[in-house]
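Examining the three-dimensional arrangement
Below are the chains, spelled out letter by letter.
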Amino acid sequence: RYVKYEELETTGVLSVNEAAHVLRIGRTRLYELIKMGEIKTLKFLRPIRISSRWLKSYIDDQAMLMKIQVRIKLLDFVGVRRIDVNATFDVWSD
């Protein structure tokens with residue numbers, strides 16, 4: 001079964017194949033992320049299972065990091081050298 005991002009809140013646990021499909025990466029890369037501690041797994045289960053909520057949290061965190069990186073590059077592009085963090089997030093809050 002293939003799970004969509006929107007369904008992650010109600011899915012429960014995912015197999016490695018399902019999680020890799022959601023992330024649009026291969027199983028090998030997913031195992032690397034698990035080994036690096038980037039993605040948590042349910043340790044007591046064999047085969048490995050991944051909580052859909054943890055996976056959604058990982059995806060959301062990565063999206064936030066990308067937004068921050070883009071904003072920093074934009075600020076650098078327009079020549080901003082000092083950043084008031086509070087003002088930056090007030091201006092660009094989602």
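Predicted model only: the values in this text are computed from it and were never measured.

The next subject is the confidence of the model for the protein. Close reading of the predicted structure is inappropriate where its pLDDT is low. Of all residues in the protein, 82% have pLDDT values of 70 or greater, and the mean over the chain is 80. Per-element confidence in the protein ranges from a low mean pLDDT of 50 for helix α5 (residues 85-91) to a high of 94 for helix α3 (residues 27-36). When the criterion is pLDDT under 50, residues 88-94 qualifies, and its contacts beyond four places in sequence or with other chains add up to 8 contacts.

Leu 30, Ile 39, Ile 50 and Leu 55 are the most contacted members of the largest nonpolar core, which totals 16 residues. Within the residue set of this core, elements represented by two or more residues are α2 (16-23), α3 and α4 (52-77). Per-element accounting of this core gives the leading share, 5 residues, to α2. Excluding residues within four positions of it along the chain, Leu 30 makes contact with Val 16, Ala 19, Ala 20, Leu 23, Ile 25, Ile 39 and Ile 50.

On to a nonpolar patch on the surface. The grouping of Leu 74, Phe 77 and Val 78 at the surface amounts to a nonpolar patch, some 350 Å² of accessible area in total. A relative accessible area of 71% places Phe 77 in the exposed class.

Time to look at unusual backbone geometry. Here the phi dihedral of Arg 24 falls at roughly 60 degrees; this positive angle occurs in a residue that is not glycine. Tracing the chain through its elements places Arg 24 in the loop between α2 and α3. Exposure remark for Arg 24: the relative accessible area of 77% places this residue in the exposed category.

Next up on the list: the pattern of salt bridges. Note that side chains of opposite charge can pair when their charged atoms are close. Per the counting criterion, the structure on display carries 2 salt bridges. Put simply, Glu 32 and Arg 29 hold a salt bridge, and the shortest N to O gap is 3.2 Å. With Glu 32 and Arg 29 both in helix α3, this residue pair falls 3 residues apart, about one helical turn. For Arg 29, a relative accessible area of 38% translates into the label partly exposed. Lys 56 serves as the salt-bridge partner of Asp 60, at 3.1 Å between the closest nitrogen and oxygen.

Definitions and cut-offs
Residues numbered from 1 in each chain as written. Predicted model: local features only at pLDDT ≥ 70, side-chain atom pairs only at ≥ 80, totals over all residues. Heavy atoms only, no water. pLDDT = per-residue confidence, 0-100. Helix = DSSP H or I, 4+ residues; strand = E, 2+ residues; numbered from the N terminus. Contact = heavy atoms within 4.5 Å. Core = buried A, V, L, I, M, F, W, Y, C linked by side-chain atoms within 4.5 Å. Buried < 20%, exposed > 50% of the residue type's maximum accessible area, 1.4 Å probe, protein only. Patch = residues over 30% accessible without salt bridge, like charges linked within 9 Å, V, L, I, M, F, W, Y side chains within 5 Å. Areas by Shrake-Rupley, 256 points an atom, 1.4 Å probe, with all protein chains shown as cover. Salt bridge = Lys/Arg side-chain N within 4 Å of Asp/Glu carboxyl O.

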